[in-house]
Protein chains: 2
Amino acid sequence: MKVYRYKKEDEYTYALGATVVMEYLLNNPSLVQGVIFHPDFTSIETIKHIEEICTAKGIELDTQAKPFNIVSSKENCFCMAIIRKVNETILDGNHVVLVNPSNAGNLGTIIRSCIGFGVEDIAIILPAVDLFDPKTIRASMGAKAKIRIELFENFQEYEKRFHKNNMYPFMLDGSKKLHETKIEKPFSLILGNEATGLAKEFAVVGQPVRIDQSDKIDSLNLPIATSIGLFYSTTMN
Amino acid sequence: MKVYRYKKEDEYTYALGATVVMEYLLNNPSLVQGVIFHPDFTSIETIKHIEEICTAKGIELDTQAKPFNIVSSKENCFCMAIIRKVNETILDGNHVVLVNPSNAGNLGTIIRSCIGFGVEDIAIILPAVDLFDPKTIRASMGAKAKIRIELFENFQEYEKRFHKNNMYPFMLDGSKKLHETKIEKPFSLILGNEATGLAKEFAVVGQPVRIDQSDKIDSLNLPIATSIGLFYSTTMN
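Cut-offs used in this document
- Residues numbered from 1 in each chain as written.
- Chains lettered and ligands numbered in written order.
- Predicted model: local features only at pLDDT ≥ 70, side-chain atom pairs only at ≥ 80, totals over all residues.
- Heavy atoms only, no water.
- Domains from an automatic or database assignment.
- Buried area = accessible area lost by both parts, 1.4 Å probe.
- Salt bridge = Lys/Arg side-chain N within 4 Å of Asp/Glu carboxyl O.
- Polar contact = N/O pair within 3.5 Å; in protein donor to acceptor, adjacent residues only side chain to side chain.
- Helix = DSSP H or I, 4+ residues; strand = E, 2+ residues; numbered from the N terminus.
- Nonpolar A, V, L, I, M, F, W, Y, C, P; charged D, E, K, R; others polar.
- Contact = heavy atoms within 4.5 Å.
- Least-squares fit on C-alpha atoms with pLDDT ≥ 70 in both.
- 1 Å grid on protein atoms, 1.4 Å probe; cavity = no way out; pocket = protein on both sides within 12 Å on 5 of 7 lines; lining within 4 Å.
- Points joined across faces, edges and corners; volume = space filled by probe spheres on them.
- Pairing = 2+ DSSP bridges.
- Axes fitted to C-alpha atoms, helices over the stretch in contact; angles between N-to-C directions.
- Expected span 1.5 Å × (residues − 1).
- Buried < 20%, exposed > 50% of the residue type's maximum accessible area, 1.4 Å probe, protein only.
- Arc of directions from axis to C-beta.
- Phe/Tyr/Trp six-rings, centres within 6.5 Å; stacked < 30°, edge-to-face > 60°.

## Side note on the domain arrangement of chain A
All names here are of chain A.
Moving on, step 1. When cut into domains, chain A gives domain 1 (12-84) and domain 2 (95-235).
Moving on, step 2. Taken over C-alpha atoms, the centre of domain 1 sits 30 Å from the centre of domain 2.
Moving on, step 3. Here domain 1 meets domain 2 over a buried area of about 1000 Å², counting both sides, of which 60% is carbon and sulfur.
Moving on, step 4. For the interface between domain 1 and domain 2, the tally reads 1 salt bridge.
Moving on, step 5. The interface formed by domain 1 and domain 2 includes 4 residue pairs in polar contact (both at pLDDT 80 or more).
Moving on, step 6. Taken together, the elements giving at least two residues each to the side of domain 1 that touches domain 2 come down to β1 (12-16) and α1 (18-27).
Moving on, step 7. Classifying every residue of the side of domain 1 that touches domain 2 by side-chain character gives 5 nonpolar, 5 polar and 2 charged.

## Considering the interface of chain B and chain A
Moving on, step 1. In this complex, chain B contributes 28 residues to the contact, which on the side of chain A involves 28 residues.
Moving on, step 2. Counting the surface lost from both chain B and chain A, the interface buries some 2600 Å², and carbon and sulfur atoms represent 67% of this.
Moving on, step 3. When the area that chain B buries against chain A is broken down by residue, the three leading residues are R112, K216 and F231 of chain B, summing to 22%.
Moving on, step 4. Summed over the shared surface of chain B and chain A, the result is 2 salt bridges.
Moving on, step 5. Across the pair K216 of chain A and E120 of chain B runs a salt bridge whose closest N-O atoms are separated by 2.8 Å.
Moving on, step 6. Of all the elements in the fold, those that place two or more residues in the side of chain B that touches chain A are α4 (104-116) and α7 (222-235) of chain B.
Moving on, step 7. In terms of residue class, the side of chain B that touches chain A is built from 12 nonpolar, 10 polar and 6 charged.

## Here's the deal with the relation of the copies chain B and chain A
Moving on, step 1. Expressed as a screw operation, the relation of chain B to chain A combines 0.0 Å of axial shift with a rotation of 180°, fitting to an RMSD of 0.0 Å. Those values place the two copies in the arrangement expected of a two-fold rotation axis.
Moving on, step 2. Most of the interface of chain B is mirrored in chain A, where 100% of its interface residues are also at the interface.

## Examining the layout of surface pockets
Moving on, step 1. Taken as a whole, the second largest pocket holds about 170 Å³ of empty space.
Moving on, step 2. Around the second largest pocket, the lining comprises 14 residues; the ones closest to its centre are R112 and M141 of chain A together with I217, D218 and S219 of chain B.

## Examining empty space enclosed by the protein
Where empty space is left in the structure can be found by rolling a water-sized probe over the atoms.
Moving on, step 1. All chains considered together, the criterion is met by 3 cavities of 30 Å³ or more.
Moving on, step 2. Counted as a void, the largest cavity has a volume near 90 Å³.
Moving on, step 3. Lining the largest cavity are K216, I217, D218 and S219 of chain A together with T19, E23, R112, S140, M141, A143 and K146 of chain B.
Moving on, step 4. In this model, the second largest cavity occupies a volume close to 60 Å³.
Moving on, step 5. Along its surface, the second largest cavity is lined by T13, Y24, N28, L31, I83, R84, K85, V86, E88, F132, K144 and A145 of chain B.
Moving on, step 6. Class assignment of the residues belonging to the lining of the second largest cavity gives a composition of 6 nonpolar, 2 polar and 4 charged.
Moving on, step 7. Looking at which domains feed residues into the lining of the second largest cavity, each of domain 1 (12-84) and domain 2 (95-235) of chain B gives three or more.

## A look at the sheet that holds strand β3 (residues 60-63) of chain B
Residue and element names in this part refer to chain B.
Moving on, step 1. Taken in spatial order, the 4 strands of this open sheet run β1-β4-β2-β3, and their pairing is mixed. Of all strands in the sheet, those with a lone pairing partner are β1 (12-16) and β3, marking the two edges. When the angles between neighbouring strand axes are averaged without regard to direction, this sheet yields 20°.
Moving on, step 2. In the sheet, strand β2 (residues 32-37) pairs with strand β4 (residues 79-84) via 5 bridges, with the strands oriented antiparallel. Counterpart to G34 in the pairing with β4 is I82.

## Notes on helix α2 (residues 44-57) of chain B
Residue and element names in this part refer to chain B.
Moving on, step 1. Between its first and last C-alpha, α2 extends 20 Å over 14 residues, near the 20 Å set by a 1.5 Å rise per residue.
Moving on, step 2. Among all positions in α2, only I47, I50, I53 and C54 are buried. End-on view of α2: buried residues confined to an arc of 135°, all on one side of the axis. Exposed residues lying more than 90 degrees from the buried face of α2 are I44, E45, K48, T55 and A56.
Moving on, step 3. Contacts made by the buried residues of α2 are with α1 (18-27), β2, β3 and β4.
Moving on, step 4. Remark: G58 follows α2 within two positions and exhibits a positive phi of approximately 70°.

## Quick notes on α1 of chain A
Moving on, step 1. Every buried residue of α1 of chain A is listed here: V20, V21, M22, E23, Y24 and L25 of chain A.
Moving on, step 2. Considering only its buried residues, α1 of chain A is in contact with β1, β2 (32-37), α2 (44-57), β4 (79-84) and α5 (134-139) of chain A.

## Observations regarding the pattern of salt bridges
All names here are of chain B.
Moving on, step 1. Inspection of the entire model under this criterion finds 16 salt bridges over all chains.
Moving on, step 2. The partner of K144 in a salt bridge is E88, and the shortest N-O contact between them spans 4.0 Å. With a gap of 56 residues between them, K144 in the loop between α5 (134-139) and β7 (148-152) and E88 in the loop between β4 and β5 (95-99) connect regions that are remote in the sequence.
Moving on, step 3. Owing to a relative accessible area of 3%, K144 belongs among the buried residues under this scheme.
Moving on, step 4. For the salt bridge of D121 with R148, the shortest nitrogen-to-oxygen distance reads 2.6 Å. Highlighted residues: D121 in strand β6 (residues 121-125) and R148 in strand β7, separated in sequence by 27 residues.
Moving on, step 5. Relative accessible area serves as the criterion here: at 5%, D121 is assigned to the buried category.
Moving on, step 6. Exposure remark for R148: the relative accessible area of 26% places this residue in the partly exposed category.

## Quick look at the packing of aromatic side chains
Moving on, step 1. Evaluated as defined, the whole model comprises 16 aromatic pairs over all chains.
Moving on, step 2. Measuring from ring centre to ring centre gives 5.8 Å for F155 of chain B and Y158 of chain B, while their planes differ by 40°; the resulting arrangement is tilted. Taken together, the residues F155 of chain B and Y158 of chain B, both in helix α6 (residues 155-161) and 3 residues apart, mark about one turn of the helix.
Moving on, step 3. Connected via pairs of aromatic rings, a cluster forms that spans F152, F155, Y158, F162 and F202 of chain A.

What follows is the structure, given as structure tokens:
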């Protein structure tokens, strides 16, 4: 198997680390083109388990050191999978809508929280960080294999298709405090870019909410604001 | 001014980036030993503001490129401050207690959330990541300058001094769901290491709580679990 330094336009991406590889094998095996072990990988149990699944599903297996130098810059990583990229379509229901997210690690963390709180559809409004970046997939700890994510050229395109959803833009000057707001289902929790937040035009697309916080910080970080929104909307409503 | 590659045993650490430097100058100027601009730093307004504060407080200023290569590996950073490390003592009140946190970026993000929710005292149970690591300070976005953090050799030492606090260990098998628990003040939200969580002995130090989550993920990430705990304890109680 031959691997290349990851580029956004490639048809394939990489799942790095045995945990993440295993999530793909269990949840989305049809996307796995092949699995590569590092010659120094010594977790016999894990190797055996992965080999069994690969054999059963007809997935190619290989042992080589070089691919790890090419794909994974510095991390301690002894197992990887080559994953076919597919465009997904989100379903009706509760959504997280990320407007122009710019950081791969943050996106991965948000994916993990979404799955944790049972929201399995994410809309991303472009431009945005590459959701297939191996860093995104690794930061999601494999949760990327269990979620649907759809890209939209602009917010209007999303809004048109999901006009039945109750929209809650998260804004620092949102007119209601999150914890005093009844979140009606199906909901769309809408969060802006890490540095700039949501443009003020978003105040009219639904009920703007703010997370009550001290003015001693500029804002909470994006995965944290998103996760608090998810916790509140799914367990306190 | 001479700077060195940061080491844990040094008496000084570094605040990287103008935002973080400014937080120290405004909140804790007595810790700032000097400020260095990169020759390519062109934000005239910011330079002027920092110069004014440094002049008023008698803080040394310098313009050099080399320190940035030494201290800041790869980040885009045009301003830094040399910060004196001091051991702090936490006060009575609401606390976050981190048992063996191992990641500098996570610790910085938690510091930022604590300030955001008005909890200004953090106890760290050793062993733990170096809280003066420039990565911690940078990830806190300068919130490190506004918080008290005290290190404890073990949990018993903390518990003895703050036995009046209501202790809430966060455990995946905690006997009560967080959102069904009344959090009594002053509270101690206790969270374990990123990989291992809290040892089961912690179940008896107070009321163990769990954040209700899908079994499709192993756990939420540590800053997210901590921040949800903070949001719930400070705004919903």
